[in-house]
Amino acid sequence: MCDSQVAYSALEALPMGWVGEILDEELVASPRLAPPQARAAFMLGVELGERLDPRRGGSGRWCLLRAPELRLGPDVLVPDLAGWRRERFEQAGGPDAPFLRVAPDWVCEVLGPSTAALDRTRKLPAYARAGVSHVWLVDPMARTLEHFQRVKRGWLLAGVHEGEALIRAEPFASTALELGALWMPPEGHLELVR
């Protein structure tokens, strides 16, 4: 068996609650998202989905998925969110395929204490190699969203947004996003719905 087959066998054997990825033929395992990161990923999906999905009045030009398995060359990556322009998504894989082989046009990684270094130092270069055009890094603890655009030499930091701002960021610049909706409510501000 070659190294990548051994790594993929190890990836499939990971215990429940862990996300496995293969970078440069090395298995990398990370715990599932903690509540602040899970909320940020979920709410970003809701915010974008509400504005982009044709059933909600959106253009329908994008297909967004949460935590898809991407097999991009030798790498197996699982971004927190990924989006393809509709015409490219149709080439990504069959409806029953458990993974996709076409690089997304956009990915979002939600940074946590155990994943921030991996996302910045290993996954960003892998996304550039695969041809991803835009990457967002969301940090729910710092309450920031950084967006990067791929250029010839790698990534260009196109903007950093923080706090409760209403933002517009590529590739969804025509869509205003309420950044504050991604963060956990402050303690004592959770109201019960009756």
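Up top is the structure these notes are about.
Residues numbered from 1 in each chain as written. Predicted model: local features only at pLDDT ≥ 70, side-chain atom pairs only at ≥ 80, totals over all residues. Heavy atoms only, no water.

1. Focus on the overall build of the chain
Secondary structure summary: the chain contains four helices and 12 strands in total. For the chain, buried positions account for 44% of its 194 residues. By sequence separation, contacts in the chain at least 24 residues apart represent 49% of the contacts at least 6 residues apart. When the accessible surface of the chain is split by element, carbon and sulfur atoms take 53% of a total near 10800 Å². (Helix = DSSP H or I, 4+ residues; strand = E, 2+ residues; numbered from the N terminus. Buried < 20%, exposed > 50% of the residue type's maximum accessible area, 1.4 Å probe, protein only. Contact = heavy atoms within 4.5 Å. Areas by Shrake-Rupley, 256 points an atom, 1.4 Å probe, with all protein chains shown as cover.)

2. Some words on the nonpolar core
With 22 residues, the main nonpolar core has L44, L48, W106, C108, W136, V138 and L182 as its most contacted residues. Among the elements that make up this core, the one with the highest residue count is helix α2 (residues 35-52) (six residues). Setting aside residues no more than four positions away along its own chain, L44 makes contact with L81, W106, C108, W136, V138, L177 and L182. One finds A82, V102, L111 and V135 within the second-largest nonpolar core, a separate group that totals 20 residues. (Core = buried A, V, L, I, M, F, W, Y, C linked by side-chain atoms within 4.5 Å.)

3. Comments concerning the side chain of R71
With respect to the secondary-structure elements, R71 resides in strand β4 (residues 70-72). There is a polar contact of 2.9 Å between the side chain of R71 and the side chain of E69. (Polar contact = N/O pair within 3.5 Å; in protein donor to acceptor, adjacent residues only side chain to side chain.)

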